[in-house]
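Close look at the chain arrangement
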Amino acid sequence: MNTRELQKEILRLKSERNCFILAHSYQSDDILEVSDFTGDSFALSAAAKKIDCETAILCGVRFMAETVKILSPEKHVVLANPGAGCPMADSIDAEKVRELKRMHPGYAVVAYINTTAEVKAECDVCVTSSSAVRIMENLDSEGIIFIPDRNLGRYVKNRFRDKDIILYDGSCPRHANISADTARSVMKLHPEARFLVHPECGEDVVGLAHFVGSTKEIMDEAVSGSAGEYIIGTEISIVQHLCRACPGKKFYPVSNDLVCGDMRITSLGDILDALNGTGGEEITVPPVILKKARRSIDRMIELGR
Ligand code: 13P
Ligand code: SF4
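Residues numbered from 1 in each chain as written. Chains lettered and ligands numbered in written order. Predicted model: local features only at pLDDT ≥ 70, side-chain atom pairs only at ≥ 80, totals over all residues. Heavy atoms only, no water.

1. Describing the overall build of the protein chain
If you tally the helices and strands in the protein chain, you get 15 helices and 13 strands. A globule of 305 residues ought to have a C-alpha radius of gyration of about 19 Å, and the protein chain, at 19 Å, matches this closely. Looking at the protein chain alone, contacts between residues at least 24 apart form 62% of all its contacts between residues at least 6 apart. Carbon and sulfur atoms make up 48% of the accessible area of the protein chain, which totals about 13000 Å². Across the protein chain, the 37 positively charged side chains and the 44 negatively charged ones have centroids separated by 3 Å. (Helix = DSSP H or I, 4+ residues; strand = E, 2+ residues; numbered from the N terminus. Rg over C-alpha atoms; globule rule 2.2 N^0.38 Å. Contact = heavy atoms within 4.5 Å. Areas by Shrake-Rupley, 256 points an atom, 1.4 Å probe, with all protein chains shown as cover. Lys, Arg positive; Asp, Glu negative; His and termini not counted. Charge placed at Lys NZ, Arg CZ, Asp CG, Glu CD.)

2. Some words on the packing of helix H1 (residues 3-16) against helix H14 (residues 268-276)
Orientation of H1 relative to H14, taken along the N-to-C sense of each, is 30°, at an axis distance of 10 Å. With respect to each other, H1 and H14 are oriented roughly parallel. By crossing handedness, the relation of H1 to H14 is classed as left-handed. The residues of H14 that touch H1, namely those facing Thr3, Leu6, Gln7, Glu9, Ile10, Leu13 and Lys14, are Leu268, Ile271, Leu272, Leu275 and Asn276. In terms of residue class, the contact of H1 with H14 is made up of seven nonpolar, three polar and two charged. (Axes fitted to C-alpha atoms, helices over the stretch in contact; angles between N-to-C directions. Parallel < 35°, antiparallel > 145°, perpendicular 65-115°, else oblique. Left-handed = near helix turned anticlockwise from the far one by under 90°. Nonpolar A, V, L, I, M, F, W, Y, C, P; charged D, E, K, R; others polar.)

3. Some points on the pattern of salt bridges
Once the charged atoms of two side chains with opposite charge are near each other, the side chains can pair. Counting across every chain of the model gives 22 salt bridges. With a shortest N-O distance of 2.8 Å, Glu16 and Arg12 are connected by a salt bridge. With a gap of four residues between them, Glu16 and Arg12 both fall in helix H1, about one helical turn apart. The class for Arg12 is partly exposed, based on a relative accessible area of 41%. Several salt bridges converge on common partners, so that one network encompasses Glu95, Arg98, Lys101, Arg102 and Glu122. (Salt bridge = Lys/Arg side-chain N within 4 Å of Asp/Glu carboxyl O. Buried < 20%, exposed > 50% of the residue type's maximum accessible area, 1.4 Å probe, protein only.)

4. What to know about the pairing of strand E4 (residues 76-79)
Two faces make up the sheet, and in a regular strand the side chains alternate between them. Strand direction decides the pairing type here: strand E3 (residues 55-59) and E4, joined by four bridges, are parallel. Of the residues in E4, the one forming a bridge with Thr55 is His76. A crossover connection joins E3 to the parallel E4 through helix H4 (residues 62-71); in handedness this β-α-β unit is right-handed. Pairing analysis gives two bridges linking E4 to strand E13 (residues 281-282), with the strands arranged antiparallel. (Pairing = 2+ DSSP bridges. Right-handed = clockwise from strand over helix to strand, strands pointing away.)

5. Description of the environment of Thr284
As for its placement among the helices and strands, Thr284 is situated in the loop between E13 and helix H15 (287-303). Given a relative accessible area of 66%, Thr284 falls into the exposed group. The spatial distance from the C-alpha of Thr284 to the C-alpha of Val110 is 24 Å, given a sequence separation of 174 residues.

Okay, here's the thing in C-alpha coordinates:
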(Lines give C-alpha, C1' and ligand atoms only; values in the text may rest on other atoms or scores of the structure.)
(Ligands and ions follow the chains in the order given, each with its own letter.)
Protein backbone atom coordinates (compact mmCIF):
# COMPACT_ATOMS: atom_id res chain seq x y z
CA MET A 1 0.00 0.00 0.00
CA ASN A 2 1.22 3.52 -0.67
CA THR A 3 1.02 6.34 1.91
CA ARG A 4 -2.48 7.52 0.89
CA GLU A 5 -3.86 3.96 0.89
CA LEU A 6 -2.35 3.26 4.31
CA GLN A 7 -3.79 6.50 5.70
CA LYS A 8 -7.24 5.72 4.28
CA GLU A 9 -7.23 2.24 5.82
CA ILE A 10 -6.07 3.61 9.19
CA LEU A 11 -8.84 6.23 9.21
CA ARG A 12 -11.44 3.58 8.34
CA LEU A 13 -10.26 1.10 11.01
CA LYS A 14 -9.86 3.64 13.79
CA SER A 15 -13.48 4.78 13.59
CA GLU A 16 -14.72 1.19 13.18
CA ARG A 17 -12.74 0.06 16.29
CA ASN A 18 -13.32 3.16 18.46
CA CYS A 19 -9.60 3.95 18.57
CA PHE A 20 -7.95 7.28 19.25
CA ILE A 21 -4.49 8.05 17.86
CA LEU A 22 -2.22 10.28 19.94
CA ALA A 23 1.00 11.49 18.32
CA HIS A 24 3.90 13.49 19.69
CA SER A 25 4.84 16.49 17.51
CA TYR A 26 8.17 14.82 16.59
CA GLN A 27 6.27 12.28 14.46
CA SER A 28 6.30 12.60 10.67
CA ASP A 29 3.61 14.51 8.76
CA ASP A 30 1.98 11.35 7.38
CA ILE A 31 1.37 10.16 10.98
CA LEU A 32 0.21 13.56 12.26
CA GLU A 33 -2.34 13.64 9.41
CA VAL A 34 -4.14 10.51 10.69
CA SER A 35 -3.89 11.42 14.39
CA ASP A 36 -6.75 12.64 16.56
CA PHE A 37 -4.47 14.63 18.82
CA THR A 38 -0.92 15.90 18.42
CA GLY A 39 1.16 17.89 20.86
CA ASP A 40 4.09 17.93 23.26
CA SER A 41 4.39 15.68 26.34
CA PHE A 42 2.26 17.93 28.55
CA ALA A 43 -0.51 18.32 25.98
CA LEU A 44 -0.56 14.55 25.33
CA SER A 45 -0.91 13.83 29.06
CA ALA A 46 -3.74 16.32 29.45
CA ALA A 47 -5.53 15.00 26.34
CA ALA A 48 -5.18 11.40 27.52
CA LYS A 49 -7.27 12.22 30.57
CA LYS A 50 -10.19 13.42 28.48
CA ILE A 51 -10.37 11.08 25.51
CA ASP A 52 -13.44 8.97 25.06
CA CYS A 53 -12.49 5.69 23.34
CA GLU A 54 -11.77 2.01 24.03
CA THR A 55 -8.22 2.00 22.70
CA ALA A 56 -5.57 4.72 22.49
CA ILE A 57 -2.67 4.15 20.11
CA LEU A 58 0.40 6.18 21.01
CA CYS A 59 2.87 7.27 18.35
CA GLY A 60 5.87 8.42 20.31
CA VAL A 61 8.08 6.70 22.87
CA ARG A 62 7.38 4.22 25.67
CA PHE A 63 7.25 6.64 28.62
CA MET A 64 4.52 8.61 26.79
CA ALA A 65 2.40 5.48 26.30
CA GLU A 66 2.89 4.58 29.98
CA THR A 67 1.76 8.08 30.96
CA VAL A 68 -1.42 7.67 28.88
CA LYS A 69 -2.07 4.28 30.56
CA ILE A 70 -1.53 5.77 34.03
CA LEU A 71 -4.06 8.50 33.25
CA SER A 72 -6.55 6.20 31.50
CA PRO A 73 -6.18 2.78 33.20
CA GLU A 74 -9.56 1.58 31.94
CA LYS A 75 -8.46 1.91 28.29
CA HIS A 76 -6.33 -0.33 26.15
CA VAL A 77 -3.19 1.70 25.46
CA VAL A 78 -0.97 0.49 22.65
CA LEU A 79 2.52 1.75 21.82
CA ALA A 80 2.54 1.64 18.02
CA ASN A 81 6.21 0.63 17.79
CA PRO A 82 7.43 -1.28 20.89
CA GLY A 83 11.05 -0.47 20.02
CA ALA A 84 10.56 3.26 20.68
CA GLY A 85 12.32 3.96 23.98
CA CYS A 86 13.97 7.01 25.45
CA PRO A 87 17.60 6.71 26.61
CA MET A 88 17.09 9.57 29.06
CA ALA A 89 14.12 7.81 30.71
CA ASP A 90 16.13 4.58 30.87
CA SER A 91 19.08 6.32 32.58
CA ILE A 92 17.49 6.07 36.04
CA ASP A 93 15.54 3.34 37.83
CA ALA A 94 13.38 3.26 40.97
CA GLU A 95 16.21 1.94 43.19
CA LYS A 96 18.44 4.87 42.21
CA VAL A 97 15.64 7.30 43.18
CA ARG A 98 15.24 5.55 46.56
CA GLU A 99 19.00 5.87 47.09
CA LEU A 100 18.86 9.62 46.30
CA LYS A 101 16.00 10.01 48.77
CA ARG A 102 18.03 8.21 51.46
CA MET A 103 20.96 10.56 50.75
CA HIS A 104 18.78 13.71 50.92
CA PRO A 105 16.06 13.10 53.52
CA GLY A 106 13.17 15.59 53.40
CA TYR A 107 13.89 16.65 49.82
CA ALA A 108 11.03 16.55 47.31
CA VAL A 109 11.66 14.51 44.16
CA VAL A 110 10.70 16.30 40.95
CA ALA A 111 10.75 14.04 37.89
CA TYR A 112 10.76 15.11 34.26
CA ILE A 113 7.95 13.23 32.52
CA ASN A 114 10.66 11.41 30.52
CA THR A 115 10.83 8.66 33.18
CA THR A 116 9.45 5.13 33.57
CA ALA A 117 6.24 4.43 35.52
CA GLU A 118 8.32 2.81 38.34
CA VAL A 119 10.38 5.99 38.69
CA LYS A 120 7.29 8.23 38.62
CA ALA A 121 5.89 6.11 41.46
CA GLU A 122 8.85 7.14 43.66
CA CYS A 123 8.43 10.87 42.99
CA ASP A 124 6.45 13.74 44.49
CA VAL A 125 5.58 15.49 41.26
CA CYS A 126 6.28 15.20 37.53
CA VAL A 127 7.07 18.13 35.25
CA THR A 128 7.30 18.60 31.50
CA SER A 129 9.55 21.04 29.69
CA SER A 130 6.63 23.46 29.31
CA SER A 131 5.46 23.24 32.92
CA ALA A 132 8.67 22.78 34.97
CA VAL A 133 9.18 26.43 35.97
CA ARG A 134 5.49 26.99 36.78
CA ILE A 135 5.34 23.83 38.91
CA MET A 136 8.49 24.75 40.81
CA GLU A 137 6.95 28.16 41.57
CA ASN A 138 3.96 26.37 43.10
CA LEU A 139 6.01 23.82 45.06
CA ASP A 140 6.67 24.62 48.73
CA SER A 141 9.77 22.46 49.28
CA GLU A 142 13.12 24.23 49.62
CA GLY A 143 15.13 21.06 48.92
CA ILE A 144 14.59 19.36 45.56
CA ILE A 145 16.06 16.32 43.85
CA PHE A 146 15.56 16.90 40.11
CA ILE A 147 15.68 13.81 37.86
CA PRO A 148 16.79 12.72 35.30
CA ASP A 149 17.65 15.60 32.91
CA ARG A 150 20.53 17.71 34.21
CA ASN A 151 20.00 20.28 31.44
CA LEU A 152 16.32 20.94 32.15
CA GLY A 153 17.26 20.75 35.84
CA ARG A 154 19.99 23.38 35.42
CA TYR A 155 17.59 25.62 33.47
CA VAL A 156 15.12 25.41 36.37
CA LYS A 157 17.79 25.72 39.06
CA ASN A 158 19.03 29.01 37.57
CA ARG A 159 15.56 30.46 38.15
CA PHE A 160 15.23 29.30 41.78
CA ARG A 161 18.41 30.43 43.51
CA ASP A 162 16.69 30.23 46.91
CA LYS A 163 16.07 26.46 46.59
CA ASP A 164 18.66 23.73 47.05
CA ILE A 165 18.29 21.70 43.84
CA ILE A 166 20.27 18.47 43.45
CA LEU A 167 20.63 17.46 39.79
CA TYR A 168 20.82 13.88 38.56
CA ASP A 169 23.34 13.40 35.76
CA GLY A 170 21.04 12.23 32.94
CA SER A 171 20.44 13.89 29.58
CA CYS A 172 18.95 13.48 26.13
CA PRO A 173 21.78 12.15 23.95
CA ARG A 174 20.32 14.01 20.97
CA HIS A 175 19.73 17.51 22.39
CA ALA A 176 22.75 17.44 24.72
CA ASN A 177 25.00 16.57 21.80
CA ILE A 178 24.61 20.01 20.19
CA SER A 179 27.60 22.21 20.94
CA ALA A 180 27.61 25.96 21.46
CA ASP A 181 30.17 26.24 18.61
CA THR A 182 27.70 24.53 16.24
CA ALA A 183 24.93 26.89 17.37
CA ARG A 184 27.17 29.96 17.01
CA SER A 185 28.20 29.01 13.47
CA VAL A 186 24.54 28.59 12.37
CA MET A 187 23.70 31.93 14.03
CA LYS A 188 26.56 33.54 12.11
CA LEU A 189 25.21 32.14 8.83
CA HIS A 190 21.72 33.54 9.60
CA PRO A 191 22.27 36.70 11.63
CA GLU A 192 18.65 37.86 11.31
CA ALA A 193 17.21 34.57 12.59
CA ARG A 194 15.80 34.12 16.09
CA PHE A 195 17.21 31.07 17.88
CA LEU A 196 14.54 28.92 19.60
CA VAL A 197 15.86 26.18 21.89
CA HIS A 198 14.52 23.20 23.87
CA PRO A 199 15.77 23.15 27.51
CA GLU A 200 17.14 19.62 27.00
CA CYS A 201 20.05 21.32 25.17
CA GLY A 202 23.18 22.14 27.16
CA GLU A 203 23.43 25.28 29.31
CA ASP A 204 25.85 27.01 26.90
CA VAL A 205 23.48 26.46 23.94
CA VAL A 206 20.46 27.60 25.99
CA GLY A 207 22.51 30.68 26.92
CA LEU A 208 22.69 31.68 23.24
CA ALA A 209 18.93 31.37 22.65
CA HIS A 210 16.43 34.17 22.06
CA PHE A 211 13.66 31.87 23.35
CA VAL A 212 13.63 28.66 25.41
CA GLY A 213 10.58 26.37 25.45
CA SER A 214 9.00 22.98 24.95
CA THR A 215 8.31 21.58 21.50
CA LYS A 216 4.87 23.22 21.39
CA GLU A 217 6.12 26.52 22.79
CA ILE A 218 8.86 26.61 20.13
CA MET A 219 6.27 25.96 17.40
CA ASP A 220 3.86 28.58 18.75
CA GLU A 221 6.64 31.16 19.01
CA ALA A 222 7.80 30.48 15.44
CA VAL A 223 4.28 30.60 14.01
CA SER A 224 3.13 33.73 15.84
CA GLY A 225 6.44 35.63 16.01
CA SER A 226 7.08 38.62 13.76
CA ALA A 227 10.54 37.48 12.62
CA GLY A 228 10.92 35.97 9.16
CA GLU A 229 13.71 33.49 10.03
CA TYR A 230 14.23 31.02 12.86
CA ILE A 231 16.93 28.56 13.90
CA ILE A 232 15.26 25.58 15.57
CA GLY A 233 17.10 23.99 18.51
CA THR A 234 15.10 20.80 18.84
CA GLU A 235 14.32 17.62 16.87
CA ILE A 236 14.59 18.25 13.14
CA SER A 237 10.97 17.17 12.45
CA ILE A 238 9.86 20.48 13.96
CA VAL A 239 11.72 22.32 11.18
CA GLN A 240 9.80 20.27 8.60
CA HIS A 241 6.41 20.92 10.30
CA LEU A 242 7.13 24.65 10.55
CA CYS A 243 8.18 24.90 6.88
CA ARG A 244 4.80 23.43 5.97
CA ALA A 245 2.83 25.56 8.42
CA CYS A 246 4.53 28.86 7.50
CA PRO A 247 5.65 28.82 3.85
CA GLY A 248 6.45 32.55 4.03
CA LYS A 249 9.09 32.12 6.78
CA LYS A 250 12.51 30.46 6.80
CA PHE A 251 13.48 27.75 9.28
CA TYR A 252 16.95 26.27 9.78
CA PRO A 253 17.89 23.29 11.99
CA VAL A 254 20.61 24.07 14.53
CA SER A 255 22.13 20.77 13.39
CA ASN A 256 21.10 18.08 10.92
CA ASP A 257 22.22 15.59 13.60
CA LEU A 258 19.41 16.54 15.97
CA VAL A 259 17.35 13.49 15.06
CA CYS A 260 15.69 11.21 17.63
CA GLY A 261 15.82 7.72 16.13
CA ASP A 262 13.38 6.48 18.78
CA MET A 263 10.78 9.03 17.78
CA ARG A 264 11.37 8.24 14.11
CA ILE A 265 10.93 4.47 14.09
CA THR A 266 7.13 4.53 14.13
CA SER A 267 5.55 4.16 10.68
CA LEU A 268 2.04 4.14 9.22
CA GLY A 269 2.50 0.37 8.83
CA ASP A 270 3.01 0.09 12.62
CA ILE A 271 -0.23 1.98 13.26
CA LEU A 272 -2.11 -0.26 10.85
CA ASP A 273 -0.68 -3.37 12.54
CA ALA A 274 -1.65 -1.99 15.95
CA LEU A 275 -5.20 -1.39 14.71
CA ASN A 276 -5.37 -4.90 13.30
CA GLY A 277 -4.03 -6.39 16.54
CA THR A 278 -1.02 -7.85 14.74
CA GLY A 279 1.52 -5.33 16.04
CA GLY A 280 2.22 -2.71 18.65
CA GLU A 281 2.43 -3.51 22.36
CA GLU A 282 -0.38 -3.19 24.84
CA ILE A 283 1.01 -1.27 27.81
CA THR A 284 0.46 -2.69 31.29
CA VAL A 285 1.46 -1.05 34.56
CA PRO A 286 1.11 -2.97 37.86
CA PRO A 287 -1.78 -1.44 39.92
CA VAL A 288 0.40 -0.37 42.90
CA ILE A 289 2.87 1.40 40.62
CA LEU A 290 0.04 2.92 38.61
CA LYS A 291 -1.66 4.36 41.69
CA LYS A 292 1.54 5.98 43.01
CA ALA A 293 2.69 7.24 39.60
CA ARG A 294 -0.77 8.69 39.01
CA ARG A 295 -0.38 10.90 42.08
CA SER A 296 2.80 12.48 40.61
CA ILE A 297 1.13 13.13 37.27
CA ASP A 298 -2.12 14.46 38.74
CA ARG A 299 -0.05 16.81 40.86
CA MET A 300 1.78 17.93 37.70
CA ILE A 301 -1.51 18.72 35.96
CA GLU A 302 -2.84 20.49 39.06
CA LEU A 303 0.29 22.61 39.75
CA GLY A 304 1.02 23.20 36.06
CA ARG A 305 -2.28 24.90 35.25
P1 13P B 1 8.35 17.97 24.99
O2 13P B 1 7.97 18.01 26.42
O3 13P B 1 8.78 19.29 24.48
O4 13P B 1 7.31 17.32 24.19
O5 13P B 1 9.66 17.09 24.87
C6 13P B 1 9.63 15.71 24.98
C7 13P B 1 10.87 15.16 24.53
O8 13P B 1 11.16 14.01 24.72
C9 13P B 1 11.79 16.08 23.88
O10 13P B 1 12.93 15.42 23.58
FE1 SF4 C 1 14.20 10.89 24.69
FE2 SF4 C 1 15.76 12.77 23.61
FE3 SF4 C 1 14.27 11.25 22.04
FE4 SF4 C 1 13.13 13.10 23.60
S5 SF4 C 1 14.53 13.47 21.87
S6 SF4 C 1 12.45 11.00 23.32
S7 SF4 C 1 14.46 12.98 25.41
S8 SF4 C 1 15.96 10.56 23.35
